[in-house]
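Each chain, letter by letter, is given below.
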Amino acid sequence: MPHRSATCSGRVAWRSSRPRDCSDRSRCQAIVERGLLRLGRAGSPRSKLANTASLAGGVDRASPSPARNATMGENADLQRLPGQHPMNANTDSMISRLMIEGDQLAQRGQAVSAAVCWQKVLEIEADFPPALNNLAMQAMHRGDLSMARDLLQRAVRAAPDYTMAHANLSRVHSELGDPESALLAIDSAIKADPVAWGPHIEKARLLEAKHQHRAAAASYGRALAYMPEAVQQAPEMKQLVDHARSVQVQNQSELRQFLLGRIGGLMRTGTPRQLERFEHSLDVLTGRRDMALSKPQTLPFARLPSIPIFHREDFEWAPAVEAAFPAMLQELQSLLEEQAEFVPYVQMPDDEPKGPFEPLNNNADWGAYYFWDSGKLIEEHAARCPRTVAALVENAPMCMVPGRAPVTFFSALKPGTHIGAHNGATNSRLTVHMPLIIPPDCALRVGGETHVWKPGELVLFDDTILHEAWNYSDRLRVVLIFDVWHPMLTLLERELVCETIQGILDYNGSSDASGEL
């Protein structure tokens, strides 16, 4: 038997009475209004039930109505609002039937008949909040703002946690030219449901009208944080979302200038290296970059810092490897002149999702000439480039894991090739590039930091932080790639990582699909 529905905080399932308005404004507004409810929360269990368009009374016919929910058996448990006294099952059933009938009539544009149903509800229970809310929206639509205010005030007195009624009351106060009362009402809506994004949008608009731009930026920020990605991407929402973001960006820029005015003198006492971490933190705080986070895909090693690009000067073995740059370049050029075969670096099983590697799978646009592959030395290739191999063997602390590492190769990107953003397997190692042939318009980006390779200067980075690379020139780009142990790992930890990787392989046997480690 269907009965009335609201969560414990007063979010209800009935729509208001105004027929659907198909104007551009209303399509956007209807989405905003549904953000008042748990529909504004990604993954909410009540999202199918709480499709009530509230602030301007819009109805979304694409959403399942309470009647359809009852028919389908979906979320049809219409509960009593907080503060209401229990009635017998027959009374509950009668009110539920009248509310659903009024909803159906409203969706068909029969506003007067819908109002009759909701008035009958009030004859049974004088302060039933959803009926008061729907009648208030009818009054607002026909311009009777005083009646709408009175009805909504009755609704929030009966159910103080009824989010939608508070939000609708805010809109009525605003229309009546009472912005202070509008703010108080929207604050009550937010208190009733803090993570519904619609009230935060409305509060931001009210604050903007009062020229309180910093507070408005904070409200827009909360709205975007709670707004599901699908809603943000809706074409009808583009103008609103773009505006919210522009207000945030402007506020963050002003905050940055304010802070620099305060700390600029202190910052001038430090060297670029001393200030690097703080400047990155300031960039994150003021929206110039995201926080770079390590996300190992296979083997995470805990309590290591997420550092996108390391300083080559901090590695005592680096100068010896860099000293071999002329020899490496000469050996590479010999291979290219001999047209040695570079195989596609990306070669994924047919049944594995390709993700960002889809364009490069089995594609020699990203080619590899291996010296070690899965821990095995390629004798023929090593013989053709002996000084390259010797420089690594004699100097670099490469990861050595039987059957898995090292993986070392000349990496060639053909003109116009882009390696999409991705995360690597384990943060127990660093990826190292020795730039050899570097035309213009080539770069590496790691965690928001863009690095332009310089021939002969090593680049060391944590490849478990989101990274990408590109060659937009009309010439070939080639770097030597190898892995070294993360400098913070002790000798014992290195041994434990080796044994763990081999243990994973032994455990999974031939079915192992852990990819590169």
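Look above for the structure.
Residues numbered from 1 in each chain as written. Predicted model: local features only at pLDDT ≥ 70, side-chain atom pairs only at ≥ 80, totals over all residues. Heavy atoms only, no water.

**Student:** Please give an account of the environment of D365 that cites residues and values.
**Tutor:** Along the chain, D365 falls in the loop between β4 (343-344) and β5 (366-373). Residues D365 and F342, spaced 23 residues apart in sequence, show a C-alpha to C-alpha distance of 9.5 Å. Beyond its immediate chain neighbours, meaning those up to four positions away, D365 contacts L360, A412, L413, K414 and T417. (Helix = DSSP H or I, 4+ residues; strand = E, 2+ residues; numbered from the N terminus. Contact = heavy atoms within 4.5 Å.)

**Student:** Got a sec to walk through the pairing of strand β10 (residues 442-446)? Specific residues and values, please.
**Tutor:** The buried fraction of β10 is high, at 4 of 5 residues. One ladder, built from 5 bridges, connects β10 with strand β13 (residues 467-471); its direction is antiparallel. Within the sheet, the bridge partner assigned to A443 lies in β13 and is W470. Here 3 bridges tie β10 to strand β11 (residues 449-451), and the two strands are oriented antiparallel to one another. Note that in β11 the partner of V446 across the bridge is E449. The antiparallel pairing of β10 with β11 creates a hairpin that spans 2 residues between the two strands, and G447 there sits at a positive phi of about 55°. (Buried < 20%, exposed > 50% of the residue type's maximum accessible area, 1.4 Å probe, protein only. Pairing = 2+ DSSP bridges.)

**Student:** Which residues make up helix α4 (residues 111-124), and what values go with them?
**Tutor:** Look at α4: 20 Å from first C-alpha to last across 14 residues, which is about the 20 Å you get at 1.5 Å a residue. Inspection of α4 places A114, A115, C117, W118, V121 and L122 among the buried residues, and these make up the whole buried set. Angularly, the buried residues of α4 cover 155° about the axis, an arc narrow enough to put them on a single face. Exposed and oriented more than 90 degrees from the buried face of α4 are V112 and E123. In the core, the buried residues of α4 are packed alongside α3 (89-107) and α5 (129-141). (Expected span 1.5 Å × (residues − 1). Arc of directions from axis to C-beta.)

**Student:** Please set out the layout of surface pockets residue by residue, giving values where relevant.
**Tutor:** When its volume is computed, the second largest pocket comes out at roughly 570 Å³. Lining of the second largest pocket is provided by 23 residues; of these, R277, H280, S306, I307 and P308 occupy positions nearest its centre. Contributing elements (two or more residues each) for the lining of the second largest pocket: α13 (272-285) and β3 (309-310). Residue contributions to the lining of the second largest pocket peak at 7 residues, all from α13. (1 Å grid on protein atoms, 1.4 Å probe; cavity = no way out; pocket = protein on both sides within 12 Å on 5 of 7 lines; lining within 4 Å. Points joined across faces, edges and corners; volume = space filled by probe spheres on them.)

**Student:** Give a description of the packing of aromatic side chains that names residues and reports values.
**Tutor:** Given two aromatic rings, their pairing is described by the distance between the two centres and the angle made by the two planes. Using the criterion set out here, one finds 10 aromatic pairs in the structure. Considering the side-chain rings of F315 and W317, the 5.9 Å spacing of their centres and the 65° angle between planes classify their relative orientation as edge-to-face. Here F315 matches W317 in class, with each residue buried. An angle of 75° between the planes, with centres 5.8 Å apart, marks the rings of Y369 and F371 as edge-to-face. Every member of this aromatic cluster is reached through a ring pair, and the members are F310, F315, W317 and F482. Over the aromatic face of W453 sits the side chain of R477, whose NZ or CZ is 4.8 Å from the ring centroid. (Phe/Tyr/Trp six-rings, centres within 6.5 Å; stacked < 30°, edge-to-face > 60°. Lys NZ or Arg CZ within 6 Å of the ring centre and 35° of its normal.)

**Student:** Can you explain the pattern of salt bridges? Please cite residues and give values.
**Tutor:** With the rule as written, the count across this model stands at 21 salt bridges. Note that D283 is salt-bridged to R289, the shortest N-O span being 3.5 Å. For D283, a relative accessible area of 12% corresponds to the buried category. Between R445 and E468 there is a salt bridge whose closest N-O contact spans 2.8 Å. Residue R445 is found in strand β10, and its partner E468 is found in strand β13; the two are separated by 23 residues along the sequence. The partly exposed category is assigned to R445, whose relative accessible area is 30%. Judged by relative accessible area, which is 17%, E468 ranks as buried. Salt bridges here are not isolated pairs; linked through shared partners, they connect R256, D283, R289 and E449. (Salt bridge = Lys/Arg side-chain N within 4 Å of Asp/Glu carboxyl O.)

**Student:** Hey, could you go over helix α6 (residues 145-158) for me, with residue numbers and the actual values?
**Tutor:** Compared with an ideal rise of 1.5 Å per residue, which puts 14 residues at 20 Å, α6 spans 20 Å between its outermost C-alpha atoms and is within 8% of the ideal. Along its buried surface, α6 packs onto α5 and α7 (163-175).

**Student:** An account of the side chain of H422 is needed here, citing residue identities and associated values.
**Tutor:** Assignment of secondary structure puts H422 in strand β8 (residues 417-422). At 2.7 Å, the side chain of H422 forms a polar contact with the backbone oxygen of G420. Excluding its chain neighbours within four sequence positions, the residues that come into contact with H422 are P356, F357, D463, I465, L466 and H467. (Polar contact = N/O pair within 3.5 Å; in protein donor to acceptor, adjacent residues only side chain to side chain.)

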